[in-house]
Amino acid sequence: MTIVTRFAPSPTGFLHIGGARTALFNWLYSRHVGGVFRLRIEDTDRARSTPEATQAILDGLRWLELDWDGEVVYQFARMARHAEVAREMLAKGHAYHAYETPDELARMREEQKKAGKSIRYEGHWRDRDPKDAPPGVKPVIRLKAPATGETVVEDLVQGTVRVANEQLDDMVLLRADGTPTYMLSVVVDDHDMGVTHIIRGDDHLTNAFRQSQIYVAMGWEIPRFAHIPLIHGADGAKLSKRHGALGIGEYEKMGFLPAAMRNYLLRLGWGHGDVDIISTEDSVKLFEIGDIGRAPSRFDLAKLTNMNGHYIRAGDDANLLACAEPFIVQKLGRPLTAPQHGRVLRGMAGLKQRAKTLVELADAALFYCHERPIPVADKAKALLGGVGREHIRALAPAFAGLGEWSEGAAEAALRAYVEKSGVKMGEVAQPLRAALTGQAQSPGLFEVMAALGREETLGRLADAAK
RNA sequence: GCCCCCAUCGUCUAGUGGCCCAGGACGCCGGCCUCUCACGUCGGUAACGUCGGUUCGAAUCCGUCUGGGGGCGCCA
């Protein structure tokens, strides 16, 4: 049997870190078993669903490179089918009409709260004759849930979880206006879509009981559940849109790589021994639901950043440039010229060693892209005064006279100068660095000279010598 | 209030009765490398929440308490 997983977000806001991880786990598991990963947008809440949010979710998944199979299912479009199932349950005696108004229910909840009782629908219309219905009130359809015994969920992550049926009330399946509730829609859609494994946040664990009852009432096979612990914010509370959580798009803007994000999210709650760096390819091979932890975890930006640095250092130069170029262009306010593009590419080996995000990478690459005379930072200016300038003036001819322009040749020339003049390497290297990059820190000098090329190097030295 | 889940360094975790006076990673602190900054590397800091069982032996099994989280909508 084909294993089918799904990610089913509601488009009421952006895709945050928790949702992204849920999507990742579903994707990973389906790829691991050679199954199918589907996407369903749960847009039945018309008041809160927006096209912008749907777009943000789609964009987020694409950025993370989590590709789904088949067409996206929009839940709202399947309303008629959901209502049909509700009526079928009514016909089979597994559901009934209830005539309380929302106001009445709110009042009842209020009284239960005041009396210190648990808050649930008491089932007033469960066995009442519909003939007693108050005139003019449109009924909802409620599930006739088992009143005794217990409902058991065999959860792939949480283990066997059981609850007494007295704890569960008769939930609404179809609203008075004829629209289905979430509880009904998920079950019908998951069933119709052939979903075999539901991997979702822990906050749905109690929903699994009620959904199981619908599966049982309809005589459908219950899928396997895997409720993964939530990701908490630094304060330990649930991460949500109104709780400091950022949309996945924000992380893109901060210069994180999708591969690093996937790796970080994977390690948040899933482990394979004590390895931290796991490629997406390997994680597809290794991912098992049973290895998901049961404890909630906190989001740690420092670790994500470190991991991102790892992926940048290990990245392919040309690809890194492609990823960083938009950031560079934004900072520059203009596109790169071909020579500048070439310099950054040649200098990438040294640049990527020093950056933890694409933003940092772009910042560090800027000096390769500036037109002469290049801007000079304050710290670098201090290096270019007095003795510093003298060294540059003395060195310029030595570099200009180089037969071959290479890292090795440049280094030999500088070392010869240092030896002859008896100064320390640092005393001359720093002014040189300031002249070439306009900064007090940069990748290795000779590497910079090689990447800059002879003409640009000599030009910048001349600018600084003035 | 009721129901459910969880509990190893600050954080992510390894650990499934003896190999653990608990290992790795991030962070933090120090050393080395060195033309700067990084990278790398070496070392340090730091945890089995409590109490009680079971056992020759418990981070690992059971219970209690405490703490944290989630849910209890004609939201999803």
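Engineer: So what exactly am I meant to see when it comes to the layout of surface pockets here?
Structural biologist: Over the atoms rolls a probe the size of a water molecule, and in doing so it shows where empty space is left. Roughly 300 Å³ of volume is contained in the second largest pocket. Along its surface, the second largest pocket is lined by 14 residues, and Asp363, Ala364, Gln439, Gln441 and Ser442 are the ones closest to its centre. Here the lining of the second largest pocket gets four residues from one element, more than from any other, and that element is helix 13 (residues 358-369). A class-by-class count of the residues in the lining of the second largest pocket yields six nonpolar, six polar and two charged.

Engineer: Please explain the packing of helix 5 (residues 182-192) against helix 6 (residues 205-218) as it appears in this structure.
Structural biologist: A packed helix pair is summarised by two numbers, namely the angle formed by the two axes and the spacing between the axes. In contact at an axis separation of 10 Å, helix 5 and helix 6 are set at 60° when each is read in the N-to-C sense. What the angle tells us is that helix 5 and helix 6 run oblique. Remark: the crossing between helix 5 and helix 6 carries right-handed chirality. Contact residues: helix 5 offers Tyr182, Met183, Leu184, Val186, Val187, Asp190 and His191, while helix 6 offers Asn207, Arg210, Gln211, Ile214 and Tyr215. Per-class residue counts for the contact of helix 5 with helix 6 are seven nonpolar, three polar and two charged.

Engineer: What is the right way to read empty space enclosed by the protein from this model?
Structural biologist: Under the definition given, this model contains one cavity of 30 Å³ or more. Of the pockets and cavities examined, the largest cavity occupies roughly 50 Å³. Broken down by element, the residue count for the lining of the largest cavity peaks at four residues, all from helix 8 (residues 258-267). Counted by class, the lining of the largest cavity contains five nonpolar, three polar and one charged residues.

Engineer: So what exactly am I meant to see when it comes to helix 10 (residues 301-314) here?
Structural biologist: Structurally, the α-helix is built with 3.6 residues per turn, so residues lying three or four positions apart point the same way. Given a rise of 1.5 Å per residue, 14 residues ought to cover 20 Å, and the 20 Å separating the end C-alpha atoms of helix 10 matches this to within 8%. Within the span of helix 10, buried status applies to Leu304, Thr305, Met307, Asn308, Gly309, Tyr311 and Ile312. As for helix 10, its buried residues are in contact with helix 7 (248-253), helix 8, helix 11 (317-332) and helix 13. Measuring from the side-chain oxygen of the N-cap residue of helix 10 to the backbone nitrogen of Ala302 gives 3.2 Å; that N-cap residue is Asp300.

Engineer: I keep staring at the protein's contact with RNA strand B and nothing clicks. Help me out?
Structural biologist: Inspection of the region around RNA strand B gives 69 residues, with Asp45, Glu100, Arg175, Gly269 and Arg354 positioned closest. The protein-proximal atoms of RNA strand B, defined as those within 4 Å of the protein, are 72% sugar or phosphate. Residue Thr206 places a side-chain N or O atom 2.8 Å away from a sugar or linking oxygen belonging to RNA strand B. Those elements giving two or more residues to the surface near RNA strand B turn out to be helix 4 (102-114), strand 5 (140-143), strand 7 (159-164), helix 6, strand 12 (297-298), helix 10, helix 17 (425-437) and helix 18 (445-452). Considering each element in turn, the surface near RNA strand B owes the most residues, five residues, to helix 17. A class-by-class count of the residues in the surface near RNA strand B yields 21 nonpolar, 24 polar and 24 charged.

Engineer: Is there a simple way to think about the packing of helix 16 (residues 407-421) against helix 18 in this case?
Structural biologist: Running from amino to carboxyl end, helix 16 crosses helix 18 at an angle of 130°, the nearest separation of the two axes being 8 Å. Judged by the inter-axis angle, helix 16 sits oblique to helix 18. By crossing handedness, the relation of helix 16 to helix 18 is classed as right-handed. Touching Glu407, Ala410, Glu411 and Leu414 of helix 16 are Phe446, Glu447, Met449 and Ala450, all from helix 18.

Engineer: What exactly am I supposed to notice about the sheet that holds strand 5 here?
Structural biologist: Neighbouring strands of a sheet are bound in pairs by backbone hydrogen bonds; such pairs are parallel or else antiparallel. Pairing is antiparallel in the open sheet, where three strands are placed in the order 4-5-8. The sheet is open, and its two borders are formed by strand 4 (95-98) and strand 8 (172-174), each paired with just one other strand. Strand-to-strand twist in this sheet, taken as the mean axis angle between neighbours without regard to direction, amounts to 45°. The sheet contact formed by strand 5 and strand 8 spans two bridges and is antiparallel. Bridging across to strand 8, Ile141 finds its partner in Leu174. Across the sheet, helix 3 (residues 79-91) touches strand 4, strand 5 and strand 8, and the angle it forms with strand 4 is around 100°.

Engineer: Can you help me understand the confidence of the model for chain A in this one?
Structural biologist: Detailed conclusions should not be drawn from predicted coordinates in areas where pLDDT is low. Model confidence for chain A is summarised by a mean pLDDT of 92, while 98% of its residues fall at 70 or above. Averaged over each element, pLDDT in chain A is lowest for helix 4 (83) and highest for strand 1 (residues 4-7) (98). As scored by the predictor, the complex reaches a pTM of 0.94 and an ipTM of 0.94.

Engineer: How should I be thinking about the environment of Tyr264 in this particular structure?
Structural biologist: Among the secondary structure elements, Tyr264 is positioned in helix 8. On a C-alpha basis, the gap between Tyr264 and Met307 in space is 7.0 Å, while along the polypeptide they are 43 residues apart. With near-sequence residues (within four places) excluded, Tyr264 lies in contact with Arg298, Phe299, Asp300, Lys303, Leu304 and Met307.

Engineer: What should I look at first to understand the pairing of strand 6 (residues 150-155) in this one?
Structural biologist: Along a regular strand, successive side chains alternate from one face of the sheet to the other. Alternating residues of strand 6 divide into Thr151, Val153 and Asp155, all buried, and Glu150, Val152 and Glu154, none buried. Here strand 6 runs beside strand 7; their pairing, made up of six bridges, is antiparallel. Pairing of Asp155 across the sheet is with Gly159, part of strand 7. Between strand 6 and the antiparallel strand that follows it, strand 7, lie three residues.

Conventions used here
- Residues numbered from 1 in each chain as written.
- Chains lettered and ligands numbered in written order.
- Predicted model: local features only at pLDDT ≥ 70, side-chain atom pairs only at ≥ 80, totals over all residues.
- Heavy atoms only, no water.
- 1 Å grid on protein atoms, 1.4 Å probe; cavity = no way out; pocket = protein on both sides within 12 Å on 5 of 7 lines; lining within 4 Å.
- Points joined across faces, edges and corners; volume = space filled by probe spheres on them.
- Helix = DSSP H or I, 4+ residues; strand = E, 2+ residues; numbered from the N terminus.
- Nonpolar A, V, L, I, M, F, W, Y, C, P; charged D, E, K, R; others polar.
- Axes fitted to C-alpha atoms, helices over the stretch in contact; angles between N-to-C directions.
- Parallel < 35°, antiparallel > 145°, perpendicular 65-115°, else oblique.
- Left-handed = near helix turned anticlockwise from the far one by under 90°.
- Contact = heavy atoms within 4.5 Å.
- Expected span 1.5 Å × (residues − 1).
- Buried < 20%, exposed > 50% of the residue type's maximum accessible area, 1.4 Å probe, protein only.
- Polar contact = N/O pair within 3.5 Å; in protein donor to acceptor, adjacent residues only side chain to side chain.
- Near = heavy atom within 4 Å.
- Pairing = 2+ DSSP bridges.
- pLDDT = per-residue confidence, 0-100.

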